[in-house]
Amino acid sequence: MPQLTMAESLNLALDQSMAADDAVCVIGEDIGVNGGVFRITKGLLEKYGEDRVIDTPLAENGIIGAAVGMAIYGLKPVAEIQFSGFMMQAFDQIEQNMARMRNRSRGRYPVPMVLRTPYGGGIRAVEHHSESREAYWAHTPGLKVVIPSGPRNARSLLHAAINDPDPVIFYEPKAVYRAFREDVPDEPESLEIGKAQVVREGSDITLIAYGAMMRPTLEAAEDLVDLHQVNAEVIDLLSISPMDTQTLVDSVSKTGRCVIVHEGPRTCGVAAEIIARLNEHAFEHLEAPIKRITGYDIHFPFFQVEQHYLPDPDTIVEAVQQTLAYE
Amino acid sequence: MSKETVHDRTKVTPSAPELAVKSSHIPRRPKITPPKPRKDISTPTIALGEIPNLQILNEKGEISDPSHEPNLEPAELLRIYRAMVLTRKLDTRMLTMQRQGEMGTFAPGMGQEATQIGQIYPLTKKDWFAPSYRSFGAQLWRGWTIEGLMLLWDGFSEGFEIPDGVNDLPFSIVIGSHVATATGVAMGIKRRDDDDAVVLTNFGDGAFSQGIVAESLNFAAVDNAPIVFVCENNGYAISMPVQRQTGADYLAGRSVGYGIPSMRVDGNDVLAMIVATTDAVERARKGEGPTLLEAVTYRMSLHTTADDPKVYRNEEEVEYWKTRCPLARFEIYLKNKNLLDDAAIERTAAECEQEVIEGRERFRGRATANPREVFDSMYEKLPPELEDQKREYLSKLDRKNEEGH
Ligand SMILES: Cc1ncc(C[n+]2csc(CCOP(=O)(O)OP(=O)(O)O)c2C)c(N)n1
Ligand SMILES: [Mg+2]
């Protein structure tokens, strides 16, 4: 099995999807000759031509609006928004048409498209290039929101997203693009959207994270064993909306304690939703209040200080200890 | 409501000095302008007029349009020249610093010095400037410091501190979004300003594809707002050539649809830029409304330091534009006027280099991250829940410090 980075595995998923189905096309800024600013669409123009690799004028709202129309017409557009910070330009088309067209047309016009976009901090970027605003899209009825954490699940999730009959927001943790390699099989794989994965079994506490936060969370889980003899169960959420409530409830019912980690702002964030669901479905099993380690309710700081904003293993370990100490 | 109540309310208003609209600005009789009469719709063809193209200095440095040559004092011409050289020196130095790991990702402006200095030259202190991110030259002219720009691009928020006495918006990284803000400032000036200030905003050829830029032009046109729109057409939006950004041959032509005047300007000719912008600024100042200028220039360097233009453009094109270098062209002009010789060129280069180096030293002196203040500019008064978060954040910092991270 070849060892790929996430950037490469996403490229592979696009390539294989386009080869398998000529309805699949990609559309976005600088994705053709340039292969995308993160090179995720590299080589696709040469292989599939400009009718399927559509370099657009610089207008995010136009990209999403056009993709919705193409999807209505029977294509399967995979739109790239260069940085998730620039989805704000497309808020109009995402909310008004991408998310609503199926329902508004009473099922006549489904929108089987994907909006791929890099999100998150940690790459020393300028303003607007480090946001994690997945909660906006999870809050939008009609959309699905998924976030992979490594090369292999990124590839499978992207396949699933492209083949999903409904619009999917596909958030790519840009800090992970080239951070590590993983075995990725040649044959296409798919993951079910809406399913979380228990990536580490444990009995003392449940840690829930996703995307780029999986790495500090898993590191914290290792530290907890090594330094504190605490055995944490770790869940990779993978799908923010729909959310796999059952897997979360099962785990927390077993461990009785839970810490949630995300880098997006705290208020009305994904952790808040998870806490609400656990409160509804696992309340009687809880032995301590659920804690969340999140970004703060401020604009993502300039990069010289971004490491202090982002959740890190030490902070997660500390939150776990506090949760365990609760009587 | 009785007369007294109305009176009382206006009395209350001025006691709150922060209020945006002073009572003296509330007109006695509301101004309501009727719409212009609707044009005869039976006209068989629509005449849209002509858009002038301005070049004063050709690429050889010769005067190609004597009738428009501005009458600038020698000292002014040399000041303009020096500003262009300083812009290039800063650009070059920052690229070196970036390559040596001492600077974050930034957008070099090499090749656009004439567009930059030419557009900013006619502005006075009281005017407003709303730049895009590739505007070092104009920002230095306005009073932003070298160390400030370096801090900013190296990821220190301190660099966004607007220098005292400078009426500028912080530059915008979000393509086109500042053009709307700039338009709003102009609409504000029109309603409040006693000294006829104007706004100048610049944006790229790519930015012109953003809906918000279209909306802004339209707002400015309908409001007759005092603003100058400078589209810096440098040929590219990252990898996308302008020919793929528009189906038309010229961006200046868009003004026609909004009913505002425009001009296409050789953006590598600093004299043409000065003349065109001066004219547009005067129009705005006299209350004649907005103007669009398309400055035709070329991004001679990288989109940003994270970019590799070899992937999408060929060397021949770059070589061609090197022969149209705005600095070289202006040097010939100044030499022909006996205002500059080789020794003076070298001296200016050395002085500007020195100025940049001194700025870099000040930058180095200040390049210490201050993570403790990230909450401080969020609100006038931090809400209690954010106070809690701030406390939590600061204690995390303290803990890290103790542990020596
Ligand atoms: C809304 C938005 N979309 C995308 C980007 C990413 N981006 C940064 S610069 C750029 C190209 C801008 O081209 P242009 O407007 O011509 O200005 P130039 O860079 O040539 O000065 C793009 C696409 C962004 N910063 N903002
Ligand atoms: Mg451009």
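The structure we're discussing is the one just above.
All of the points below concern the structure found in this document.

## Digging into the interface of chain B and chain A
Reasoning step 1: With 42 residues of chain B in contact, the opposing surface of chain A contributes 39 residues.
Reasoning step 2: Summed over both sides, the interface of chain B with chain A buries roughly 3400 Å², with 57% coming from carbon and sulfur.
Reasoning step 3: Summed over the shared surface of chain B and chain A, the number is three salt bridges.
Reasoning step 4: For Lys-400 of chain B, the salt bridge goes to Asp-312 of chain A, with nearest N and O atoms at 3.4 Å.
Reasoning step 5: For the pair chain B and chain A, the interface holds 13 residue pairs in polar contact (both at pLDDT 80 or more).
Reasoning step 6: The set of elements that each furnish at least two residues to the side of chain B that touches chain A consists of α5 (146-153) and α13 (384-403) of chain B.
Reasoning step 7: Per element, the largest residue contribution to the side of chain B that touches chain A is ten residues, and it comes from α13 of chain B.
Reasoning step 8: When its residues are assigned to classes, the side of chain B that touches chain A shows 21 nonpolar, 13 polar and eight charged.

## Comments concerning empty space enclosed by the protein
Reasoning step 1: Within this structure, the stated rule accounts for five cavities of 30 Å³ or more.
Reasoning step 2: When its volume is computed, the largest cavity comes out at roughly 90 Å³.
Reasoning step 3: Residues belonging to the lining of the largest cavity are distributed by class as follows: nine nonpolar, one polar and one charged.

## Here's the deal with the site of ligand 1
Reasoning step 1: Neighbouring ligand 1 are 21 residues; Glu-60 of chain A together with Tyr-133, Arg-134, Gly-206 and Tyr-236 of chain B lie closest to it.
Reasoning step 2: Residue neighbours of ligand 1 fall on chains A and B, so the site bridges chains.
Reasoning step 3: Interatomic distance of 2.9 Å between a side-chain N/O atom of Asp-205 of chain B and an oxygen atom of ligand 1.
Reasoning step 4: Contact with the protein chains removes 95% of the 580 Å² of surface that ligand 1 exposes when unbound.
Reasoning step 5: Tallied by class, residues from the shell around ligand 1 come to ten nonpolar, seven polar and four charged.

Thresholds applied
Residues numbered from 1 in each chain as written. Chains lettered and ligands numbered in written order. Predicted model: local features only at pLDDT ≥ 70, side-chain atom pairs only at ≥ 80, totals over all residues. Heavy atoms only, no water. Contact = heavy atoms within 4.5 Å. Buried area = accessible area lost by both parts, 1.4 Å probe. Salt bridge = Lys/Arg side-chain N within 4 Å of Asp/Glu carboxyl O. Polar contact = N/O pair within 3.5 Å; in protein donor to acceptor, adjacent residues only side chain to side chain. Helix = DSSP H or I, 4+ residues; strand = E, 2+ residues; numbered from the N terminus. Nonpolar A, V, L, I, M, F, W, Y, C, P; charged D, E, K, R; others polar. 1 Å grid on protein atoms, 1.4 Å probe; cavity = no way out; pocket = protein on both sides within 12 Å on 5 of 7 lines; lining within 4 Å. Points joined across faces, edges and corners; volume = space filled by probe spheres on them. Near = heavy atom within 4 Å. Areas by Shrake-Rupley, 256 points an atom, 1.4 Å probe, with all protein chains shown as cover.

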